[in-house]
Amino acid sequence: MTKNTDHMPVNFMKMHGAGNDFVVIDSRNGGPVVSAKLVAAIADRNRGVGFDQLAVIEDGLRLTFYNSDGSTSGACGNATRCIAEREMAMTGVTELALHTGRGALQAVMVEGETWINMGQPQLEWHDVPLAEPLDTLSLPIDGSPAATGMGNPHCTFFVDDAEAVDLTSFGHKHEHHPLYPERTNVQVAHVLGPDHLRMRVWERGAGITLASGSSSCATAVAAHRRGLTGRKVQIDLDGGTLVIDWRDDGVWMTGPTAHVFDGVLTADWLAGL
């Protein structure tokens, strides 16, 4: 990216997918050097803008994701869907590829819905990654969660009632579990009916979020591996409903998106950081 030495104003978009909210900076025509300090300042919901994740678009539709604590994220399914939907609307195409830490992700528009192929799940312990060789379907942690990699590490607990879990303490505790050397996203889920799950999520570096695309993919994969659901699952989250379909070519996802507003980070605000 081009360094913004004169603190020129920075344009951004505010988007969300099922309440999982993002700031998106399009740097294809130049933009700021994105640092952990800048990310954390924009993430401040009182003094900045506020978001769960920040996404930077670079040439070739390359996406880089940051959590609200300034750390990077390997994947962000809801942000990828939001950006893909905007790009397809602007260009008139119904299929495109976006490049992330997960590699090239295919996006298609089908009957007005934007679907993203989040790639194949990572089911071997070293790919998640875990700290030692273990059965990823049942970890030696109280509650026997499943471990799944979807570009980010995930730890999924199937419980009697996801609503009853104190997710603030539960999520923070397991995000930092020593079996996860890169920390982990944490999900609690229960079965509502055939191929229908209720899930709540704690994201590493962000905390409780209203939805998470990669977490939903990981939970759907774990539920199918456990024999709880088929390969296509409806997941109800705090912010809305996502549909996950684990096909032969990868884990596909769709759900609601919104481009909420466009904004400008002022030169004065940037200069004061």
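Below you will find a few notes about this structure. (Residues numbered from 1 in each chain as written. Predicted model: local features only at pLDDT ≥ 70, side-chain atom pairs only at ≥ 80, totals over all residues. Heavy atoms only, no water.)

1. Looking at the overall build of the protein chain
Piece 1. Assigned secondary structure in the protein chain consists of five helices and 17 strands.
Piece 2. The globule rule puts the C-alpha radius of gyration for 273 residues at 19 Å, and the 18 Å found for the protein chain is close to it.
Piece 3. Judged by the C-alpha coordinates and their principal axes, the protein chain covers about 55 × 40 × 30 Å.
Piece 4. Here the protein chain holds 273 residues, and the buried ones make up 52% of them.
Piece 5. Approximately 11,300 Å² of the protein chain is accessible, and the part contributed by carbon and sulfur atoms is 49%.
Piece 6. Taking the 20 positively charged and 33 negatively charged side chains of the protein chain as two groups, their mean positions are separated by 3 Å. (Helix = DSSP H or I, 4+ residues; strand = E, 2+ residues; numbered from the N terminus. Rg over C-alpha atoms; globule rule 2.2 N^0.38 Å. Buried < 20%, exposed > 50% of the residue type's maximum accessible area, 1.4 Å probe, protein only. Areas by Shrake-Rupley, 256 points an atom, 1.4 Å probe, with all protein chains shown as cover. Lys, Arg positive; Asp, Glu negative; His and termini not counted. Charge placed at Lys NZ, Arg CZ, Asp CG, Glu CD.)

2. Some remarks on the pairing of strand β16 (residues 250–254)
Piece 1. Counting buried positions along β16 gives five out of five residues, so the element sits mostly inside the fold.
Piece 2. Two elements, strand β15 (residues 240–247) and β16, share five bridges in a ladder whose sense is antiparallel. Looking across to β16, one finds that D245 is bridged to W252.
Piece 3. Between β15 and β16, which pair antiparallel in sequence order, lie two residues. (Pairing = 2+ DSSP bridges.)

3. Describing unusual backbone geometry
Piece 1. Here the residue pair V128 and P129 is connected by a cis peptide bond, since its omega of -5° sits within 30 degrees of zero.
Piece 2. For P129, the position within the fold is in the loop between β8 (113–117) and β9 (146–149).
Piece 3. Here the phi dihedral of R183 falls at roughly 65°; this positive angle occurs in a residue that is not glycine.
Piece 4. Mapped onto the secondary structure, R183 falls in the loop between α3 (167–175) and β11 (185–193).

4. A look at the packing of aromatic side chains
Piece 1. Across all of its chains, the model carries two aromatic pairs by this definition.
Piece 2. Between F12 and F261, the ring centres sit 6.1 Å apart and the planes meet at 75°, which makes this aromatic pair edge-to-face. Within this pair, whereas F12 is found in strand β1 (residues 10–17), its partner F261 is found in strand β17 (residues 258–265), the two being separated by 249 residues in sequence.
Piece 3. The class for F12 is buried, based on a relative accessible area of 7%. (Phe/Tyr/Trp six-rings, centres within 6.5 Å; stacked < 30°, edge-to-face > 60°.)

5. Some thoughts on empty space enclosed by the protein
Piece 1. On inspection of all chains with the given rule, the structure shows two cavities of 30 Å³ or more.
Piece 2. In this structure, the largest cavity encloses a volume near 40 Å³.
Piece 3. N20, Q53, A75, C76, G77, N152, E203, S212, G213 and S214 together form the lining of the largest cavity.
Piece 4. In terms of residue class, the lining of the largest cavity is built from two nonpolar, seven polar and one charged.
Piece 5. Put simply, the second largest cavity is a space of about 30 Å³.
Piece 6. Around the second largest cavity, the lining residues are Q53, N67, S73, N152, N185, E203 and R204.
Piece 7. Here the lining of the second largest cavity is built from residues that sort into no nonpolar, five polar and two charged. (1 Å grid on protein atoms, 1.4 Å probe; cavity = no way out; pocket = protein on both sides within 12 Å on 5 of 7 lines; lining within 4 Å. Points joined across faces, edges and corners; volume = space filled by probe spheres on them. Nonpolar A, V, L, I, M, F, W, Y, C, P; charged D, E, K, R; others polar.)

6. Thoughts on α3
Piece 1. Residues of α3 that are buried include every one of L167, G171, H174 and E175, and no others. The buried residues of α3 all sit within an arc of 105° when viewed along its axis, so they share a single face.
Piece 2. Residues of α3 that are buried make contact with β10 (153–158), β11, β12 (196–203) and β13 (207–209). (Arc of directions from axis to C-beta. Contact = heavy atoms within 4.5 Å.)

7. Observations regarding the nonpolar core
Piece 1. Ranked by size, the top nonpolar core spans 45 residues in total, and within it V24, L98, I116, M118, I235 and I244 carry the most contacts.
Piece 2. Per-element accounting of this core gives the leading share, six residues, to helix α4 (residues 213–225). (Core = buried A, V, L, I, M, F, W, Y, C linked by side-chain atoms within 4.5 Å.)

8. Overview of the pattern of salt bridges
Piece 1. Applying the stated criterion across every chain yields a total of 12 salt bridges.
Piece 2. Close ionic contact of R28 with D26 constitutes a salt bridge, the shortest N to O distance being 2.7 Å.
Piece 3. Among the residues examined, R28 registers a relative accessible area of 25% and is labelled partly exposed.
Piece 4. Residue E163 pairs with R198 through a salt bridge whose shortest N-O separation is 2.6 Å. Taken together, the residues E163 in the loop between β10 and α3 and R198 in strand β12 connect sequence positions 35 residues apart.
Piece 5. On the accessibility criterion, R198 (11% relative accessible area) is buried.
Piece 6. The network of salt bridges with common partners includes K14, D21, R45 and D52. (Salt bridge = Lys/Arg side-chain N within 4 Å of Asp/Glu carboxyl O.)

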